[in-house]
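Each chain, written out:
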Amino acid sequence: MREPIIKVENLVAKYDDKVILDGVNVEFFPQEVTVILGGSGCGKTTLIKNILRLFEPAEGSVTIFGKETTKMDEDEFNKILEKIGMLFQNGALLNSVSIFDNVSIPLEQHTNLPVEIIEKIIEVKLNLVNLGHAIRLFPSELSGGMKKRAALARAIALDPPLLFCDEPSAGLDPLTSASLDELILKLKKQLKMTIIIVTHELASIHRIADRIIFLDKGRVLFQGTLQEAKVSGITEVTTFFEVGKFE
Amino acid sequence: MEYKNKTLFLEGDVTKFTTTDLLSEFSRIKISEIEFIDLQNVKSIDSAGVAFIDELKFKLKDFSPQFINVSEDINASIETFSAEKMPEPEPAGKANIFVMLGASLYNWLDNFRDAMYLSVDIAYWSFIGIFDRKGQRKGSVIQQSILIGVDALGIIGLLSLVLGLILALQSAAQLRQFGANIFVADLIAISMVREMGPMMTAIIVAGRSGSAIASEIATMKVTEEIDALKMMAINPIRYVVVPKFHAITICMPLLVTMATIIGIVGGLIVGITYLDLSVVSFYTQVINVLTLKDVLIGLSKSVFFAWVIVIIGSFYGFKVTGGAEGVGKATTLSVVASIFAVIILDALFSLVFLI
Ligand SMILES: Nc1ncnc2c1ncn2[C@@H]1O[C@H](COP(=O)(O)OP(=O)(O)OP(=O)(O)O)[C@@H](O)[C@H]1O
Ligand SMILES: [Mg+2]
C-alpha cells in the first residue's frame, strides 16, 4: 500500500453550529490527480480550507507529508505551506498590485533567487497559462477567467509538490479549459506534482482524474479510481458519470 | 376575468403588467362556490402571473378548485415558477432580548481580548520588521508614507492655520481689554503644541488613513486576499499592517510638528494685524514660554495616537464579516472608534501630565 501524501481522518467542519462536513475520511496519493466532486454547496471548498487550516476543523486530524498539522505551531505549518500551491475559487489575486507582482510574491518571499531569474520564471509561468500578454496589467483589468489563470500561475510559481485548485476551469471556454487540463497533466508528469482539483466538468475529469472523491451531504459517498467510480453501483455517482449532473 | 357557472375564467396576458389589475378585479368578484379555474384563454404567463395563480389557490383553498384547460406551455411555466413546492428556508437566528444582551457583553469582551492580541501581534512584528524586511513588499513603507503623510499635508496645513486664527481671535478681544496683548503668543503656543496640534492631526489622520486602512484590510479579507497570503506562508500582519505602522509612526510626529507651527503662524497673523505685536516679540515670547517638556508631550502623544489609529483600523478590517456591505460597516466603525479613542487617550494624557 502506498503512503498517502495527505490523510484526513474523521474531519468535522462547522460554521458556527452548522455542520458542513460530518466525519470525512479521505486520502490523497502522491503524483496523482484527485478530483473532488459534489453538488454546489456540499462542502468541497470547506474541505480544502480545513485541510489548509484556513478554518480550524471542529474535530479530526489532518496529516500532510507525514506530519499531523492541525495542532502544529504556525512557523512549522508555514514550512509545509511553502510546499503547497493553492488556487482559490475566486482567484484571490492581490488587487493592489500587478499580475507580475502577484506572481512574484511567493518567489520573492521564499527564495533567494536573483531578480533576472525571478522575472524569467514569472514570464514562463504566465505563458504556461496563456497570459504572457497580461503581465503588466492589474487584476481589475482582467476577465474572470483570466484572473483564475493568473492565480494559477501564482499558485505554481514555486513548483510546489502539492497543488490545490478550486474549480480552475469554471468560467473558461472549452478550448482554454482543455489547455489547462494539459498543463495540469504536464505539471503532474514533469514536476511530479500531486494535484487536488475541484471540478464538475465531465470532459475535464475524464482527461485528468486518477482518483475521485465524491462528497454528498457532508460525507464521502465514494472514493477510488475513475474506473471504480463508474462501476461503483452508487446511484448518485454513476448518474453523475452518465449524465454529468448531480441528482 | 369572468366568473360564471362555478368557474373562474382567466384570459389574455397574466403577467407583471396585468397582475395588479387582476388582483383588484378578483377582490371585487363575489365567490360563493367555485369548482374550476379555466385557463384556456390565457395567452401568456410569467413569474408574476404564476405568483398570482398561487395567490388564487391560497385565497380559494376552502373550495380547492381545479384548474382546467391548462395548455402545456402554461403548465410548464406554472411548474417552474410556482412557490408551492419550495423548501422552507433555514430559520434565521432567533432573538431574545436577554440572550442578545448577554451576547453583546460577551462579544464586547471577546472583541477587547482580540484587539489586545492584535495589538501585541502588530507591535511584535513591527519591531521585528525594523530589522528584517522579509515578509513585506519592497517600497511599501515609502508608498504608505506618501498616502498617510504627504497626501495629508494640504488639508492638515489649511485646517491648522484656520484653527490658529480662531484660537487667537477668540482670546484677542479679552486680552486687549487688559492690555495683555503679548500673552496671545503664550496661549497659542501652549495650546497648539500640547493639545490642538496632536489632537486635530490625529482626528484628520483617523478620518483619512484609519478608514483607508480598515477598508483596505476588510476588502482583502472578503476577497480572500488575506487567505491567499496565508497560503503563501506570508503573515498578513507583516505584509499589510507593518508597513502602515512604520509609515504612520514616522509621519505623525512630522505632521503634528507642521500643524503646530502653522497654527502658531495663524496666531501670529492675528497678533500682527489686530494686537499690534511685532514678529520678533511674538517669536521671543513663544520661545520663552515653551519648554522641552511641552514639545515632548505633544510629540509622544502624536505617536500614541498614530498607533491607536493603525490598530483600530486593522482590528475592524480583520474582523469584517459579510461581503461589500461588511466593508462599509467596518470602515465606519473604525473611524468612529479611532476618533473616540484618540479623544479619550488625549484626556488621559492631560490627566497624567497635569501633575
Ligand atoms: N464563511 C462561511 N460562513 C458560513 N457558512 C459558510 C461559509 N462558507 C461556506 N458556508 C456554507 O458551507 C456550505 C459549503 O460551502 P462550500 O463553499 O464548501 O461549498 P462548495 O462545495 O465549495 O460549493 P461550490 O461548488 O458552489 O463552490 C454551504 O452550505 C455554505 O452555505
Ligand atoms: Mg467551492
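The rules we used
Residues numbered from 1 in each chain as written. Chains lettered and ligands numbered in written order. Predicted model: local features only at pLDDT ≥ 70, side-chain atom pairs only at ≥ 80, totals over all residues. Heavy atoms only, no water. pLDDT = per-residue confidence, 0-100. Helix = DSSP H or I, 4+ residues; strand = E, 2+ residues; numbered from the N terminus. Phe/Tyr/Trp six-rings, centres within 6.5 Å; stacked < 30°, edge-to-face > 60°. Buried < 20%, exposed > 50% of the residue type's maximum accessible area, 1.4 Å probe, protein only. Lys NZ or Arg CZ within 6 Å of the ring centre and 35° of its normal. Donors = N, O, S within 2.8 Å, 3.2 Å for Na, K, Ca; no water. Near = heavy atom within 4 Å. Polar contact = N/O pair within 3.5 Å; in protein donor to acceptor, adjacent residues only side chain to side chain. Areas by Shrake-Rupley, 256 points an atom, 1.4 Å probe, with all protein chains shown as cover. Pairing = 2+ DSSP bridges. Axes fitted to C-alpha atoms, helices over the stretch in contact; angles between N-to-C directions. Arc of directions from axis to C-beta. Contact = heavy atoms within 4.5 Å. 1 Å grid on protein atoms, 1.4 Å probe; cavity = no way out; pocket = protein on both sides within 12 Å on 5 of 7 lines; lining within 4 Å. Points joined across faces, edges and corners; volume = space filled by probe spheres on them. Nonpolar A, V, L, I, M, F, W, Y, C, P; charged D, E, K, R; others polar.

1. Some points on the confidence of the model for chain B
All names here are of chain B.
Okay, so step 1: Confidence in the prediction for chain B averages 90 pLDDT; 99% of positions are at 70 or higher.
Okay, so step 2: Mean pLDDT in chain B bottoms out at strand 1 (residues 2–4), which sits at 84, and peaks at helix 8 (residues 225–231), which reaches 95.
Okay, so step 3: Across the whole predicted complex the pTM is 0.83, and at the interface the ipTM reaches 0.91.

2. Details of the packing of aromatic side chains
Okay, so step 1: Tallied over the full model, the rule gives eleven aromatic pairs over all chains.
Okay, so step 2: Centre to centre, the rings of Tyr124 of chain B and Trp125 of chain B are 4.9 Å apart; their planes meet at 75 degrees, and the pair counts as edge-to-face.
Okay, so step 3: For Trp125 of chain B, a relative accessible area of 18% gives the class buried.
Okay, so step 4: Ring plane angle 15 degrees and centroid distance 5.6 Å describe the contact between Phe245 of chain B and Trp307 of chain B, whose orientation is recorded as stacked. Placement of the pair is Phe245 of chain B in helix 9 (residues 236–274) and Trp307 of chain B in helix 11 (residues 292–318), with a sequence separation of 62 residues.
Okay, so step 5: On the accessibility criterion, Phe245 of chain B (9% relative accessible area) is buried.
Okay, so step 6: Taken together through their ring pairs, the aromatic side chains of Phe245, Phe304, Trp307, Phe349 and Phe353 of chain B make up a single cluster.
Okay, so step 7: Directly above the aromatic system of Phe29 of chain A lies the positively charged group of Arg2 of chain A, at a separation of 4.5 Å from the ring centroid.

3. Section: the coordination of the magnesium ion (ligand 2)
Around a metal, the idealised angle for a tetrahedral arrangement of four donor atoms is 109.5 degrees; for an octahedral arrangement of six donor atoms it is 90 or 180 degrees.
Residue and element names in this part refer to chain A.
Okay, so step 1: Every protein donor of the magnesium ion (ligand 2) is listed here as Thr45 (OG1) and Gln89 (OE1), and their distances to the metal cover 1.9 to 2.2 Å. Linking Thr45 in helix 1 (residues 44–51) with Gln89 in the loop between strand 6 (84–87) and helix 3 (99–110), this pair joins segments that are 44 residues apart in sequence.
Okay, so step 2: Classification of Thr45 as partly exposed rests on a relative accessible area of 23%.
Okay, so step 3: Owing to a relative accessible area of 35%, Gln89 belongs among the partly exposed residues under this scheme.

4. Here we look at the site of ligand 1
Residue and element names in this part refer to chain A.
Okay, so step 1: The full set close to ligand 1 counts 14 residues, and Ser40, Lys44, Thr45, Thr46 and Gln89 are the nearest of them.
Okay, so step 2: One nitrogen or oxygen atom from the side chain of Ser40 is found 2.6 Å from an oxygen atom belonging to ligand 1.
Okay, so step 3: The backbone of Gly43 places a nitrogen or oxygen atom 2.9 Å from an oxygen atom of ligand 1.
Okay, so step 4: Contact with the protein chains covers 64% of the free accessible surface of ligand 1, which is 640 Å².
Okay, so step 5: Going through the elements one at a time, strand 2 (18–28) and helix 1 are the ones with two or more residues in the shell around ligand 1.

5. Looking at the sheet that holds strand 1 of chain B
Residue and element names in this part refer to chain B.
Okay, so step 1: Read from one edge to the other, the open sheet built from four strands follows the order 1-2-3-4, with strand pairing classed as mixed. Pairing within the sheet leaves two strands with one partner each, and these edge strands are strand 1 and strand 4 (66–68). The average angle at which neighbouring strand axes cross in this sheet is 25 degrees, direction not considered.
Okay, so step 2: Of the strand pairs in this sheet, strand 1 and strand 2 (residues 7–14) are connected by three bridges, and their pairing is antiparallel. Along strand 2, the bridge assignment pairs Lys4 with Thr7.

6. Some thoughts on helix 3 (residues 72–81) of chain B
Residue and element names in this part refer to chain B.
Okay, so step 1: Buried residues of helix 3: Ile74, Ser77 and Ile78, and no others. Along the axis of helix 3, the buried residues cluster in a sector spanning 100 degrees; they form a single face. Seen from the open side of helix 3, the exposed residues pointing more than 90 degrees away from its buried face are Glu72, Asp73, Glu79 and Thr80.
Okay, so step 2: In the core, the buried residues of helix 3 are packed alongside strand 3 (36–45) and helix 2 (47–59).

7. Considerations on the layout of surface pockets
Residue and element names in this part refer to chain B.
Okay, so step 1: Approximately 1600 Å³ is the volume attributed to the largest pocket.
Okay, so step 2: The greatest single-element share of the lining of the largest pocket, amounting to five residues, is contributed by helix 4 (residues 97–131).
Okay, so step 3: Of the residues assigned to the lining of the largest pocket, the class counts are 19 nonpolar, six polar and twelve charged.
Okay, so step 4: Taken as a whole, the second largest pocket encloses approximately 680 Å³ of empty space.
Okay, so step 5: What lines the second largest pocket is a set of 18 residues, among which Phe112, Ala115, Ile312, Ala337 and Ala341 lie closest to the centre.

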